[in-house]
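Listed below are the residues making up each chain.
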Amino acid sequence: MLTIRLAFRNIMGAGLRTWLNIIVLALVLVMIIWVQGLIDGMREYMITAEINANLGGGQFWHRDYDPYDPLSYEESHAPPSPALQELITRGEATPILVAPAAIYPEGRMQSALLKGIDPTQEIISIPGRVLEAQDGDAIPALIGAQMAKQTKLGVGDYVTVRWRDANGTFDADDVRIVEIMHTPVPSIDVGQIWIPIERLRIMLQTPGEASLLLLRKGIPEIPEGGDAWVHRSLDYLLKDILEIIRFRLVTSRIIYGLLLFMGLLAIFDTQVLSVWRRRKEIGTLMALGMERDRVTGLFTFEGALHGILAVALGTVIGIPVLYYTFATGLPVPEMMSDFGVAIPQRLYPSYGIPLIVGTALVVLVSVTVVSFLPVSRITKLKPTDALRGGRS
Amino acid sequence: MDDRPLITTHDLVKQYPAGGGFFTALNKVNLSIQRGEFTGIVGPSGSGKTTLLNIIGALDYPSSGSTLVIGTDTQELDHRMSARLRNEHIGFIFQTYNLLPVYNVYENVEFPLLLLGMNADERDRAVMQALEWVGLTDKVRSRPNQLSGGESQRVAVARAMVKKPELVLADEPTANLDAENSHNILRMMVRFNEELRTTFVFATHDEKVIAYIRRKITLNDGMVVEDRETKPAIH
Ligand SMILES: Nc1ncnc2c1ncn2[C@@H]1O[C@H](COP(=O)(O)OP(=O)(O)OP(=O)(O)O)[C@@H](O)[C@H]1O
Ligand SMILES: [Mg+2]
């Protein structure tokens, strides 16, 4: 009790210096939560966007399908097993057929991926409906804005596509771009040409077949896929994305670290320097009969008290600031658009309880440790040595 | 009343490592100081006065020999017990006052009583009485940096006396004070010595202090070269 009382006396007595430190720490705390909230918001957005636009709630892959090996695509398609077919009929899954192809925009060859999709599917947020009921002979095709920019294709343009059918025979035809979609998710945009699955099945001579099936989110029961089909959970599918996100967000982690470091530096200043300055005071306390563990405890608690007060002040500053940033979001600079993962136009931070409580705890604990270390060194001195040093 | 000496040292030696060998700061010091003495340890600079005072106050340990202070062998005390000995029985007065800078006068004087765990009423009474002794009741709320040197040292005296210790150790208490303040402080100490039977041991080479003491122990190169009663020149 005495320790608490004396610590309060000491830090209140130190006046301005105390408050400066507490304010710096509180600001750092709020900034850390804000930056980390942005990172978390970004992460959540990326993941959700990926699930909504590309992954669905999990997938079944043809046994031989390997998204990283385009050569595998020609071998990896089959009719869905009866159990999977039933899912498709119930609208809980939708088939995707994938075929490597070459396109010739402006006469130059470029490789692309033909993706057959059911125009009526509602499992991923691709505007497939535009592929329905197109008149004329040309195959209707949907591409993303980045793909359009890269190939200089616009709505209504025709482009020649060459592919190999199931027998290995090359074939070619024109597709007509019927829509350019704006999507934040690069994986359904860059290099992708979406056409109706029935047309692709005819082109490849693979009636009723698919390379993979997308599942609806939260379907009650995942059936056995049979020999030809392997279930891929969402966790499995997200692994790569998470890896990319982690890699992309390294800089943000560094910012987090730097901010924390700044805050601790403020405490480092008050503690290391002030403990040094206060050597004589420490010696006096010991001469007056204060036990050295108690002196250590006192100074450590003074540091911790900075942390506690900073958390309190941080709460007062933080609630309006964090609420405001949460409500209005933050515009994302254009230059981030080739990030390789989904980037929103406006970023809304996500402030979880674990983030807020965790950061407050990290600050409290680090402040306490940073306070303990220097004073534990001084109190190990003999009182006579401490008394000799520093003017108080 | 207990008629054993308050302080006894036996063949006290203190050596500091210096260069490759040792520097001997105290060399076989044998002393005995009775309760109620008003004693000065004098000698040239570097003769070992502060070292001796610190060992008596259990702030430091001798290299060999022993010290008995208020019935306890200070060499047998761990840092916890020596802290308790200082807190309960010994008052310190330093040349540089050593007030706690963020505490006001009242809080500085109150501090040893907080360590003793005294209750609030008793504490308040004792603090106010000590401040009355040193004539600073009008400065209770002042901070050390608002006090003159003489006032600061009076606060330090009040802090040392507030718990009515058996022993007060004062290392050059007047070195930073002018003549008037020095006499003022010394007269207070004589009064405490006479009225409360507090034992005072000074380390000093200040003639003003020497004029008040009743026993003069002279150190030179860490050895007691003279130890005699003196007639206080001033009362
Ligand atoms: N921690 C230490 N390490 C090494 N030598 C020390 C240490 N403390 C004191 N000494 C040496 O011991 C000797 C006695 O020192 P001490 O402080 O006791 O002298 P003093 O009589 O109090 O002198 P002054 O009148 O200048 O205060 C000095 O020569 C000093 O240099
Ligand atoms: Mg000295």
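Note that the structure is a prediction, hence the values are computed from the model and not measured.

J.: Would you explain the nonpolar core in this entry?
T.: If you look at soluble globular proteins, the nonpolar side chains tend to sit buried side by side. Leu6, Trp194, Ile282, Leu285, Met290 and Phe299 of chain A together with Phe111 of chain B are the most contacted members of the largest nonpolar core, which totals 80 residues. Looking at which element gives the most residues to this core, the answer is helix H2 (residues 16–55) of chain A, with 18 residues. Both domains that furnish three or more residues to this core are identified here as domain 1 (2–52 + 241–388) and domain 2 (59–232) of chain A. In this view, leucine 285 of chain A contacts Met290, Val295, Leu298 and Phe299 of chain A together with Leu100 and Phe111 of chain B; residues no more than four positions away in its chain are not counted. Leu99, Val140, Ala158 and Val168 of chain B belong to the second largest nonpolar core, which has 41 residues in total.

J.: I tried to follow the pairing of strand S3 (residues 38–42) of chain B on my own but got confused; where do I start?
T.: Sheet faces and side chains relate simply in a regular strand, where the side chains alternate between the two faces. Residues and elements named next belong to chain B. Extensive coverage of S3 is indicated by the burial of five of its five residues. Of the two faces of S3, the one carrying Phe38, Gly40 and Val42 and the one carrying Thr39 and Ile41 are both buried. Summarising the sheet, S3 and strand S8 (residues 199–204) pair through five bridges and their orientation is parallel. Bridge assignment links glycine 40 to a residue of S8, and that residue is phenylalanine 202. When S3 meets strand S9 (residues 215–220), the two strands line up parallel, connected through four bridges. Within S9, the residue paired with threonine 39 across the bridge is arginine 215.

J.: Is there a simple way to think about the site of ligand 1 in this case?
T.: Every one of the 14 residues lining ligand 1 counts as a neighbour, but Ser45, Gly46, Lys49, Thr50 and Thr51 of chain B are closest to it. Residues near ligand 1 are shared among chains A and B, making this a multi-chain site. Serine 47 of chain B places a main-chain nitrogen or oxygen 3.3 Å from an oxygen atom of ligand 1. In the environment of ligand 1, an oxygen atom lies 2.5 Å from a nitrogen or oxygen atom belonging to the side chain of threonine 51 of chain B. Coverage of ligand 1 by the protein chains reaches 67% of its 630 Å² of free accessible surface. Taken together, the elements giving at least two residues each to the shell around ligand 1 come down to strand S2 (21–33) and helix H1 (49–56) of chain B. In terms of residue count, H1 of chain B provides more of the shell around ligand 1 than any other element does, three residues in total. Split into classes, the residues belonging to the shell around ligand 1 amount to four nonpolar, seven polar and three charged.

J.: How should the pattern of salt bridges be read in this particular structure?
T.: Opposite charge on two side chains allows them to pair when their charged atoms are near. According to the stated counting rule, one finds 26 salt bridges over all chains in the structure shown. The closest approach of N and O atoms between arginine 129 of chain A and glutamate 132 of chain A, which form a salt bridge, is 3.5 Å. On the accessibility criterion, glutamate 132 of chain A (31% relative accessible area) is partly exposed. Residue arginine 215 of chain B pairs with glutamate 37 of chain B through a salt bridge whose shortest N-O separation is 3.0 Å. One end of the pair, arginine 215 of chain B, is in strand S9; the other, glutamate 37 of chain B, is in the loop between S2 and S3, and 178 residues separate them in sequence.

J.: What is the right way to read the confidence of the model for chain A from this model?
T.: When pLDDT is low, close inspection of the predicted coordinates is not appropriate. On average, residues of chain A score 87 in pLDDT, and 95% of them are at 70 or above. Ranking the helices and strands of chain A by mean pLDDT puts strand S7 (residues 192–196) of chain A first, with 95, and helix H7 (residues 250–277) of chain A last, with 77.

J.: How should I be thinking about the domain arrangement of chain A in this particular structure?
T.: Frequently, the measure chosen for interface size is the accessible area that the parts lose on association. Parsing chain A into structural domains produces domain 1 (2–52 + 241–388) and domain 2 (59–232). Its C-alpha centre places domain 1 of chain A at a distance of 50 Å from the equivalent point of domain 2 of chain A.

J.: What am I meant to see in the interface of chain A and chain B here?
T.: Taken together, the contact pairs 26 residues of chain A with 27 residues of chain B. In total, about 2500 Å² of surface goes out of reach between chain A and chain B, with carbon and sulfur atoms giving 60% of it. The interface formed by chain A and chain B holds six salt bridges in total. A salt bridge links aspartate 60 of chain B to lysine 382 of chain A; its shortest N-O distance comes to 3.2 Å. Summed over the shared surface of chain A and chain B, the result is eleven residue pairs in polar contact (both at pLDDT 80 or more). Mapped by element, the contributors of at least two residues to the side of chain A that touches chain B are helix H1 (2–13), helix H8 (279–287), helix H9 (292–328) and helix H11 (383–388) of chain A. Partitioned by chemical class, the residues of the side of chain A that touches chain B number ten nonpolar, six polar and ten charged.

J.: Help me understand unusual backbone geometry, please; the structure alone is not making it clear to me.
T.: Glycine aside, a negative phi is what most residues show, and trans is what most peptide bonds show. Residues and elements named next belong to chain B. Even without being a glycine, lysine 28 presents a positive backbone phi close to 50°. If you trace the backbone, lysine 28 turns up in strand S2. According to the relative accessible area criterion, lysine 28 is exposed, its value standing at 53%. Phi is positive for aspartate 221, which is not a glycine, with a value near 50°. One can find aspartate 221 in the loop between S9 and strand S10 (223–229). For aspartate 221, a relative accessible area of 56% corresponds to the exposed category.

Criteria and thresholds
- Every chain begins its residue count from 1, and numbering advances along the sequence as written.
- Chain A is the first chain written and ligand 1 is the first ligand written, with later ones labelled in order.
- Residue-level local features of this predicted model are given only where pLDDT is at least 70; pairs of side-chain atoms are given and counted only at 80 or more, and the full residue set underlies all totals for whole chains, interfaces and linings.
- Values reported for side chains reflect all heavy atoms of the structure, with hydrogen atoms and water molecules removed beforehand.
- Nonpolar core, defined: a set of buried Ala, Val, Leu, Ile, Met, Phe, Trp, Tyr and Cys residues in which side-chain atoms within 4.5 Å join the residues together.
- Each residue is assigned to one of three classes by its accessible area relative to the maximum for its type, calculated with a 1.4 Å probe on protein chains only: buried under 20%, partly exposed between the two thresholds, exposed over 50%.
- Only DSSP runs of H or I reaching four residues or more are called helices, and only runs of E reaching two or more are called strands; each is numbered from the N terminus.
- Domain borders in the structure are assigned automatically or taken from a domain database.
- Contact definition: two residues touch when any of their heavy atoms are within 4.5 Å.
- Only strands that DSSP links by at least two bridges are regarded as paired with each other.
- By convention in these notes, a residue is near a molecule or strand provided one of its non-hydrogen atoms lies within 4 Å of it.
- The term polar contact refers here to a pair of N or O atoms within 3.5 Å; inside protein, the definition further demands a hydrogen-donor-capable atom paired with an acceptor-capable atom, and it admits residues adjacent in sequence only when both atoms are side-chain atoms.
- For the accessible areas, the method is Shrake-Rupley and the probe is 1.4 Å, while residue cover comes only from the protein chains on display.
- Residue classes follow a fixed rule: Ala, Val, Leu, Ile, Met, Phe, Trp, Tyr, Cys and Pro count as nonpolar, while Asp, Glu, Lys and Arg count as charged, and any other residue, Gly among them, counts as polar.
- Whenever a carboxyl oxygen of Asp or Glu lies within 4 Å of a side-chain nitrogen of Lys or Arg, that contact is scored as a salt bridge.
- pLDDT is a per-residue confidence score from the predictor, ranging from 0 to 100.
- Here's the idea: put two parts together, see how much 1.4 Å probe accessible area each one loses, and the total over both is what we call buried area.

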